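Here is how the chains run, residue by residue.
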Protein chains: 2
Amino acid sequence: MTRTSTLDPRSADASVDVTRVAVSTVIFTLRRLPGADAPRVALPLVRRTRDPHEGQWALPGGWLDVAEGLDAAASRTLAETTGLSPSYLEQLYAFGAVDRSPTRVVSIVYWALIRPDEASDDSVENVQWFDAASLPALAFDHNDIVEYALWRLRNKVGYSRIAHGLLADEFTLAELREVYESILDRRLDPANFRRQVENSGTLIPTDRFRTGSHRPARLYRYNQDVELADRGPLGVRQ
Amino acid sequence: MTRTSTLDPRSADASVDVTRVAVSTVIFTLRRLPGADAPRVALPLVRRTRDPHEGQWALPGGWLDVAEGLDAAASRTLAETTGLSPSYLEQLYAFGAVDRSPTRVVSIVYWALIRPDEASDDSVENVQWFDAASLPALAFDHNDIVEYALWRLRNKVGYSRIAHGLLADEFTLAELREVYESILDRRLDPANFRRQVENSGTLIPTDRFRTGSHRPARLYRYNQDVELADRGPLGVRQ
């Protein structure tokens, strides 16, 4: 059977020039690796079990179903591949370079932050957590995608309450600073940091304290009344 | 001919469940409407000449070609429909609700700012500029898309040099303030505004002055050395 030219992309011969839509998700958390003195930004990857790139690590994801919204597809494919169900996924970017896959695939990439206690170590087959700063060569353009997600994370931590996604509801200033230090990958001066967050009006001190091996430290929570860079109209609609 | 069930989305019968990818672009500029004392945020729309939504106004855009990157598709379809060629388009968001079109369409939406002198009034057939704050009912979910783009514009103007895209290379503080006022749709105190931008380190005063009916006003330019919220790794790669 010979191929005939086709002007209608939905005709029988369209398989040669179909663009398919996939979703993938970058899930960041903080992990304290053995021997390390500070937690590191980490993400789960899935080992591919078929071509292309069989055996390589890739972001969790899958194909968009024709009857499924983008957000729903991201949640579903993430749960199917890793068992993770973050309460909130945010769209990151659509990657659609022509040569990023042997067939034409546009990937809508989502991202989310989860607290360390949500990122269970329960071994899911073919899933492994990696230090975001030292990844192997991933399938497709997934190294580029992680690099972009890390840039957005570092960028966004400066003007939103995004660090909240990595912390419990109440936290000490030292715990908050540790989150910033891990994301920015550099040390911050404790006194300057305290002054900045106290001046920002985004934190509310509680009457409770963290006690333990150090002197008691006051617990804070985020002030939900402060309008920061959140999702805007999309947060309401979708 | 009866339809048979299909498991392979690329088989002959896949026309019933094909997802297609489109690109659309929101181009903002400032327009001084007759009789108005301040410029307004405006954008070009294209009147649809076929179904669905024939006769309604829509964002400029079109189908993604299978051999074309997303950025290239946005530039091409914008030029084809409006004749506009902004030097830089930024990806805004992928819209993919199942019911946003009679067939399943995922739209990758781009946005850009152009200076008023680039947004020529040359009449292109079926293209018209609209005040962003008072749009008619647009085709598809395009009102939602414009609303989201406006939110991003207002949000981003606070932490990036985005206002630059609406100004000449050199500008007075009053001209810069006018851009902020138009985007934020509220008046800003001139003295406070001056203090804030001077403290930000993002502007460099020149030795030149704008002269005219008012007293001479110093011209400023943006300090390109200040690293603000720009595009990050994608800016280099694509």
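What you see as residue numbers is a count from 1 along each chain, following the sequence as written. Whichever chain is written first becomes A and whichever ligand is written first becomes 1, with later ones labelled in order. Local features in this predicted model are restricted to residues whose pLDDT is 70 or higher, and side-chain atom pairs enter the listing and the counts only when it is 80 or higher, whereas totals over whole chains, interfaces and linings include all residues. The basis for every side-chain value is the complete set of non-hydrogen atoms in the structure, without hydrogens or water.

(A) Examining the overall build of chain A more closely. Working definition: helices are DSSP H or I runs of at least four residues, strands are E runs of at least two. Numbering for both runs from the N terminus. The number of helices and strands found in chain A is 5 helices and 9 strands. Secondary structure elements in chain A, listed N-terminal to C-terminal, are β-β-β-β-α-β-β-β-α-α-α-β-β-α. The rule is simple: take the accessible area with a 1.4 Å probe, protein chains only, and divide by the maximum for that residue type; under 20% is buried, over 50% is exposed, in between is partly exposed. Across the 238 residues in chain A, those meeting the buried criterion constitute 46%. A contact between two residues is defined here by any heavy atoms of the two lying within 4.5 Å. A separation threshold of at least 6 residues defines the contact pool for chain A, and within that pool the share at least 24 residues apart is 61%. Counting only carbon and sulfur atoms, one obtains 47% of the accessible surface of chain A, whose full area is about 12400 Å². Only the protein chains shown count as cover for residues, and the accessible areas themselves come from Shrake-Rupley with a 1.4 Å probe.

(B) Fine view of the confidence of the model for chain A. Residue and element names in this part refer to chain A. Of all residues in chain A, 85% have pLDDT values of 70 or greater, and the mean over the chain is 85. Confidence scores labelled pLDDT are given residue by residue by the predictor and lie between 0 and 100. Ranking the elements of chain A by mean pLDDT puts helix H5 (residues 233-237) last with 48 and strand E3 (residues 57-58) first with 98. Note on residues 1-15: pLDDT is under 50 here. Beyond four places in sequence and across chains, it has 15 contacts.

(C) The packing of aromatic side chains, seen in detail. Here a pair means two rings of Phe, Tyr or Trp (six-membered ring of Trp) with centres within 6.5 Å. Their orientation is stacked below 30 degrees between planes, edge-to-face above 60, and tilted elsewhere. Taken as a whole and assessed by the stated rule, the structure comprises 15 aromatic pairs over all chains. Ring centres of tyrosine 148 of chain B and tryptophan 151 of chain B lie 5.7 Å apart, and the angle between their planes is 25°; this geometry places the pair in the stacked category. Taken together, the positions of tyrosine 148 of chain B and tryptophan 151 of chain B, both in helix H2 (residues 142-156) and 3 residues apart, correspond to about one turn of that helix. According to the relative accessible area criterion, tyrosine 148 of chain B is buried, its value standing at 4%. By way of ring pairs, the aromatic residues Tyr93, Phe95, Tyr148 and Trp151 of chain A are connected into one cluster. Criterion for a charge above a ring: Lys NZ or Arg CZ within 6 Å of the ring centre, and within 35 degrees of the ring normal. Cation over ring: arginine 20 of chain B sits above tryptophan 63 of chain B, and NZ or CZ is 3.9 Å from the ring centre. Lying over the aromatic face of tryptophan 129 of chain B, arginine 31 of chain B brings its terminal NZ or CZ to 4.7 Å of the ring centre.

(D) Quick peek at the pairing of strand E9 (residues 217-222) of chain B. Of the strand pairs in this sheet, strand E8 (residues 203-210) of chain B and E9 of chain B are connected by 5 bridges, and their pairing is antiparallel. Bridge assignment links leucine 203 of chain B to a residue of E9 of chain B, and that residue is tyrosine 222 of chain B. Strand pairing is assigned whenever DSSP detects at least two bridges linking the two strands.

(E) Structural context of helix H3 (residues 173-184) of chain B. Residue and element names in this part refer to chain B. In this analysis, the expected span of each helix is defined as 1.5 Å times one less than the number of residues it contains. A rise of 1.5 Å per residue sets the reference length of H3, with its 12 residues, at 16 Å; its end C-alpha atoms lie 16 Å apart and thus fit the reference within 8%. Taken residue by residue, H3 has Leu173, Leu176, Arg177, Val179, Tyr180, Glu181, Ser182 and Ile183 as its buried positions. On its buried face, H3 sits against strand E1 (20-31), strand E2 (40-47), H2, helix H4 (190-200), E8 and E9. Two residues or fewer past H3, aspartate 185 is found with a positive phi of approximately 60°.

(F) Examining the side chain of histidine 142 of chain B more closely. Residue and element names in this part refer to chain B. One can find histidine 142 in helix H2. Polar contacts, as counted here, are pairs of nitrogen or oxygen atoms within 3.5 Å of one another; within protein the pair requires one atom able to donate a hydrogen and one able to accept it, and residues that are adjacent in sequence qualify only if both atoms are side-chain atoms. A distance of 3.0 Å separates the side chain of histidine 142 from the backbone nitrogen of leucine 59, its partner in a polar contact. Apart from the residues within four sequence positions on either side, histidine 142 is in contact with Ser24, Ala58, Leu59 and Arg100.

(G) Quick look at the pattern of salt bridges. Residues and elements named next belong to chain B. Salt bridge, as used here: a side-chain nitrogen of Lys or Arg that lies within 4 Å of a carboxyl oxygen of Asp or Glu. By the definition in use, this model includes 22 salt bridges over all chains. Its salt-bridge partner being arginine 115, residue aspartate 117 comes within 3.2 Å of it at the nearest N-O pair. Among the residues examined, arginine 115 registers a relative accessible area of 26% and is labelled partly exposed. A salt bridge links glutamate 198 to arginine 194; the nearest nitrogen and oxygen atoms lie 3.5 Å apart. Of this pair, glutamate 198 and arginine 194 both sit in helix H4, separated by 4 residues, roughly a single helical turn.

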